[in-house]
Every structure is written in C-alpha cells, then in structure tokens.
Amino acid sequence: MIKVTVWNEYIEEKMYDHVAKVYPEGIHTCISNFLSKDKEIQVKCVTLSMPEQGLSKEILDDTDVLIWWGHQAHDDVTDENAERVKKYVLNGMGFIPLHSAHGCKPVKLLLGTSMCLRWKHGEKEKLVCVNPSHPIAQGITEPILFEQEEMYGEYFDIPKPDDLIFLGWFSNQEVFRSGCTFTRGWGKIFYFQPGHEEYPIYYMPEIQRIIKNAVKWAAPVNKRNVDYDNEEVR
C-alpha cells in the first residue's frame, strides 16, 4: 500500500466563488477522491491551516508520497516545515508538486534555483508526451487538450531534469517543460504543470492517470533515516 498525503493551501477555494464552483470541497479533496479509487493507494489530506501546517513529523513519517498544491501562501510555510519536507524527500519520500507549487519553499530548497517562469491567464494548451516509455506516461497515447489553462512559458529556471516527459504548447505560441522528473538523495520528484485552480483540470481522466502513475513511480523502494546535517545514521 502506498501512503499518499495531499497537501493544499486551501485558500483559493474559500476566497473566490468561481474557484469554489470548480472545486467545492477543495483541490485536495478532488485529488484524494480519484486516487482513493486505486486499491494500491491510501490517501489523507492536510492543509496549511492545520496544526504544524499539516507537515508534522507524525504525518510525514506516515507518508510515502507527498503531493503539493500551493499558490499564494508559499511564504506562509515556515522555514522549519520546508526543511523537514526536504529532509524527508532526501530520505526517500516521493514528492509531486503541482502547477503553481513550482514556487513553494520545499521545491526551491530541493532544486536550488529560482523556479521563475513566464505566465499568462486563459490560453489553450496542448500537452504532448515526449517520453512515452516512461512509467509516468503509461496509458497516455495522444496529446491532451485544455480549452483553458494558465499559460506557463520558458525560460523556466530549473536544473536539468532527469527526464522530460511532457511538453506544453500554448495558443499564444509559448512552450513549456510541463512534466519533469528529478532525483534528490533517495527521493524522486515529479513536477507537473497543468492544474490552475480556475479550471477543472483534475477531473480529466488523462490527468488523473498521470498523477496516479506518478504516485506509483515516486513511491520509495527504500527509505533512509539520515540526519543530513551531521550524517548520523539513526
């Protein structure tokens, strides 16, 4: 059984009516609902407003893969919690930051770059698989079309990915590295661009398939318990 924790700021859905209409119970609940249909996956949801911002040692000890959706409260996540997430990834926990989570503190700590990009609201997008043999791309045989999505464009300030799996092409002629993997320590990371809060992206079967695939790919084979500050093995 793969234990997945879905972390969400859960701010946009409570702040804006048009977002609440798309995700009335929060983006985290939508993601949890489709992941829970897979008998190999056990899911819990946490949010920024919970004790220790949903990122306590107890929660992360019980997490094989952490999915992260964030947007306007990146700076509200404490440095202590961001460092804790980083250490758990280095010790083998899988990490899947979605859409605007590219700017969250744990991603910046793990990848070490600004994560800056170009953006614009409301473009059409064609998501093309450029690495069909990768496990995350299993079952994705055709381009995925979004009638509306927030455009992300290059230059995207990331380190060189281990693998580029999806490339986004937008109606204003921008392109974007929309699905990238990285390895840090013992942990696997998959960044996935689609999923702006105003659009029902996470209800799409193809997107659900990709996220499920990513969970199974990112699940740890082995976990460590190393304090990377002094390399003491506990």
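Our subject is the structure listed above.
In every chain, residue numbers begin from 1 and rise along the written sequence. Restriction of local features to residues with pLDDT of at least 70 applies here, the model being predicted, together with a cutoff of 80 or more for giving and counting side-chain atom pairs; totals for whole chains, interfaces and linings are based on all residues. Side-chain measures were taken over the full set of non-hydrogen atoms in the model, leaving aside hydrogen atoms and water.

Asks: What is the right way to look at the packing of aromatic side chains in this model?
Replies: Any two aromatic rings considered together are summarised by their centre-to-centre distance and by the angle between their planes. Whether two aromatic rings pair depends on their centres lying within 6.5 Å, for rings of Phe, Tyr and Trp, where Trp uses its six-membered ring; planes under 30 degrees apart make the pair stacked, over 60 edge-to-face, and the rest tilted. For the structure on display, the rule yields 9 aromatic pairs. Here the aromatic rings of Tyr23 and Tyr202 are separated by 6.2 Å at their centres, their planes lie at 50 degrees, and the arrangement is tilted. With Tyr23 in the loop between α2 (17-22) and α3 (27-35) and Tyr202 in the loop between β9 (187-192) and α7 (205-218), the pair connects residues that are 179 residues apart, well separated along the chain. Classification of Tyr202 by relative accessible area gives buried; the value is 0%. Seen from their ring centres, Phe190 and Phe192 are 5.5 Å apart, and the 25 degrees between their planes marks the pair as stacked. Summarising the burial analysis for this pair, Phe190 and Phe192 share the class buried. In DSSP terms, a helix is any run of H or I states spanning at least four residues, a strand is any run of E spanning at least two, and both are numbered starting from the N terminus. Exposed residues in this analysis have more than 50% of their type's maximum accessible area, buried residues have under 20%, and partly exposed residues fall in between, with area computed by a 1.4 Å probe over protein chains only.

Asks: In this structure, what is going on with the pattern of salt bridges? I would like to understand it.
Replies: It is possible for side chains bearing opposite charge to pair when their charged atoms get close. Note on definitions: salt bridges are taken to be side-chain nitrogens of Lys or Arg within 4 Å of carboxyl oxygens of Asp or Glu. For the coordinates displayed, the defined rule picks out 12 salt bridges. Where Lys44 meets Asp62, a salt bridge forms, and the shortest distance between an N and an O atom there is 3.5 Å. Of this pair, Lys44 sits in strand β2 (residues 41-47) while Asp62 sits in the loop between α4 (57-61) and β3 (65-69), and the two are 18 residues apart along the sequence. Of the residues examined, Lys44 reaches a relative accessible area of 25% and is grouped as partly exposed. Accessibility expressed as a relative area gives 30% for Asp62, which makes it partly exposed.

Asks: I would appreciate a short explanation of the nonpolar core in the present structure.
Replies: The nonpolar side chains of a soluble globular protein tend to be buried, and buried together. Leu35 and Ile207 are the most contacted members of the largest nonpolar core, which has 39 residues in total. The element best represented in this core is α7, accounting for 7 residues. If you look at the next biggest cluster of nonpolar residues, it comprises 33 residues, including Val77, Leu90, Phe176 and Tyr191. The nonpolar core is taken to be a set of buried Ala, Val, Leu, Ile, Met, Phe, Trp, Tyr and Cys residues, with the residues joined through side-chain atoms within 4.5 Å.

Asks: Could you clarify how one ought to interpret the environment of Glu150 in this entry?
Replies: The residue Glu150 is located in strand β6 (residues 144-153) in this model. Judged by its relative accessible area of 5%, Glu150 falls in the buried class. Considered as a pair, Glu150 and Ile59 are 91 residues apart in the sequence and their alpha carbons are 31 Å apart. Definition of a polar contact: a pair of N or O atoms within 3.5 Å, with one able to donate and the other able to accept a hydrogen when the atoms are protein atoms, and with sequence-neighbouring residues admitted only if both atoms are side-chain atoms. Polar side-chain contacts of Glu150 include one of 2.8 Å to the side chain of His99.

Asks: Would you explain the pairing of β9 in this entry?
Replies: Along any regular strand the residues' side chains alternate between the sheet's two faces. Where burial is concerned, most of β9 is hidden: 5 out of the 6 residues are buried. Pairing between strands is defined by DSSP: at least two bridges between the two strands are required. Where strand β8 (residues 175-184) and β9 come together, 6 bridges link them in antiparallel fashion. Bridging from a neighbouring strand, Phe182 pairs with Ile189 of β9.

Asks: Looking at this structure, how should I read a nonpolar patch on the surface?
Replies: Residues Val130, Leu164, Leu167, Trp169 and Val175 make up a contiguous nonpolar surface patch of about 370 Å² in total accessible area. Among the elements that make up the nonpolar patch, the one with the highest residue count is strand β7 (residues 163-170) (3 residues). For Leu164, the position within the fold is in strand β7. Take Leu164: its relative accessible area is 32%, and that puts it in the partly exposed class. Nonpolar side chains (Val, Leu, Ile, Met, Phe, Trp, Tyr) within 5 Å and like charges within 9 Å form the patches, drawn only from residues with over 30% relative accessible area and no salt bridge. All accessibility values rest on the Shrake-Rupley procedure with a 1.4 Å probe; residue burial counts only the protein chains present in the view.

Asks: Help me understand the side chain of Ser56 in this model?
Replies: Within the secondary structure, Ser56 is located in the loop between β2 and α4. Separated by 3.2 Å, the side chain of Ser56 and the backbone nitrogen of Ile59 make a polar contact.

Asks: Even after reading the chapter, I still don't get the pairing of β8, so can you show me in this structure?
Replies: Most of β8 sits inside the fold, with 7 of its 10 residues counted as buried. The sheet contact formed by β7 and β8 spans 6 bridges and is antiparallel. Bridging from a neighbouring strand, Trp169 pairs with Val175 of β8. Counting the residues between successive antiparallel strands, the hairpin from β7 to β8 contains 4 residues, one of them, Gln173, with a positive phi of roughly 80 degrees.

Asks: I would appreciate a short explanation of the sheet that holds strand β4 (residues 94-98) in the present structure.
Replies: The strands making up a sheet associate through hydrogen bonds between their backbones, and the pairing can be parallel or antiparallel. Pairing within the open sheet is mixed, and its 9 strands lie in the order β2-β1-β3-β4-β9-β8-β7-β5-β6. Edge positions in the open sheet fall to β2 and β6, since each of these has one partner strand only. If you compare each strand with its neighbour and ignore which way they point, the axes differ by 25 degrees on average. Residue contacts are counted whenever heavy atoms from the two residues lie within 4.5 Å of one another. Fitted lines through C-alpha atoms serve as axes, helices being fitted only where they are in contact, and the angles separating the N-to-C directions of these axes extend from 0 to 180 degrees. Sheet strands touched by α7: β1 (2-8), β2, β3, β4, β5 (118-129), β6, β7, β8 and β9. Its angle to β9, the strand with the most contacts, is close to 165 degrees.

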